[in-house]
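Geometric and topological summary
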Amino acid sequence: MNFRASLLAAAFSAISFSSFAAIEVSEPYARATPPHAPNSAAFMMLKNSGDETVSLLNAKTSVAGVVELHTHAMHDGMMKMRQVESIEVPANGMTELKPGGLHVMLFDLQKPLKEGETLPLTLTFSDGTQITQEVPIKKVMAGAHMKHKH
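Right, let's walk through the structure included here. Here the structure is a predicted model, which is why all the values come from computation and not from measurement.

According to the stated counting rule, one finds one aromatic pair in the structure shown. Ring centres of Y29 and F43 lie 5.2 Å apart, and the angle between their planes is 40°; this geometry places the pair in the tilted category. Separated by 14 residues along the polypeptide, Y29 in strand 1 (residues 23-31) and F43 in strand 2 (residues 40-48) bring together distant segments of the chain. Classification of Y29 by relative accessible area gives buried; the value is 17%.

Another point: the pairing of strand 1. Note: strand 1 against strand 2, six bridges, orientation antiparallel. Each residue of the ladder has a partner; that of E24, found in strand 2, is K47. Where strand 1 meets strand 10 (residues 130-138), two bridges bridge the pair, whose relative direction is parallel. Note that in strand 10 the partner of R31 across the bridge is K138.

So, on to the environment of T95. Residue position: T95 is located in strand 7 (residues 93-97). Taking the C-alpha atoms as reference, T95 lies 8.6 Å from N48; in sequence the two are 47 residues apart. Not counting chain neighbours up to four residues away, the residues in contact with T95 comprise M44, M45, L46, I87, E88, V89, P90 and L102.

With that settled, the discussion passes to the nonpolar core. Ranked by size, the top nonpolar core spans 27 residues in total, and within it M44, L46, L119 and L123 carry the most contacts. Elements with a minimum of two residues in this core: strand 1, strand 2, strand 3 (54-60), strand 4 (64-75), strand 6 (87-89), strand 8 (103-109), strand 9 (118-125) and strand 10. Top element by residues in this core is strand 9. It accounts for four residues. Apart from the residues lying within four places of it in its own chain, the contact partners of L119 are A30, T61, V63, L106, L113, Q133, E134, V135 and I137.

Conventions we followed
Residues numbered from 1 in each chain as written. Predicted model: local features only at pLDDT ≥ 70, side-chain atom pairs only at ≥ 80, totals over all residues. Heavy atoms only, no water. Phe/Tyr/Trp six-rings, centres within 6.5 Å; stacked < 30°, edge-to-face > 60°. Helix = DSSP H or I, 4+ residues; strand = E, 2+ residues; numbered from the N terminus. Buried < 20%, exposed > 50% of the residue type's maximum accessible area, 1.4 Å probe, protein only. Pairing = 2+ DSSP bridges. Contact = heavy atoms within 4.5 Å. Core = buried A, V, L, I, M, F, W, Y, C linked by side-chain atoms within 4.5 Å.

Right, here's the structure in full:
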């Protein structure tokens, strides 16, 4: 292999797989918290323009000690939060993470989440895609007060 071919191969191997990914994140936001609140949640739209179903496997942020994927489920006549292993995004489809549904739970916050600020959030998908975004923090009224345990 000549020098030019080696350089080209190195350049292509350095390009992040996510730059070719079929996953897009839109309308992300995290819920602002009052002082000393230990938990919050993040919401967003996940769009998959690919021909195969992709799953969100995990999320990470430096502002929370623990980050989990969650949903709501009816159990013994009460709506409860449940951790899920993954969140599917169908081929050529969308999945909404929203209050009262699927969401990213942020436990053990390092500091209060203040409206107007942002937090870094990295999402990892089953196809190897990793997306990191600065997520806006918004003041959102909770529809119901539900407790999360981890």
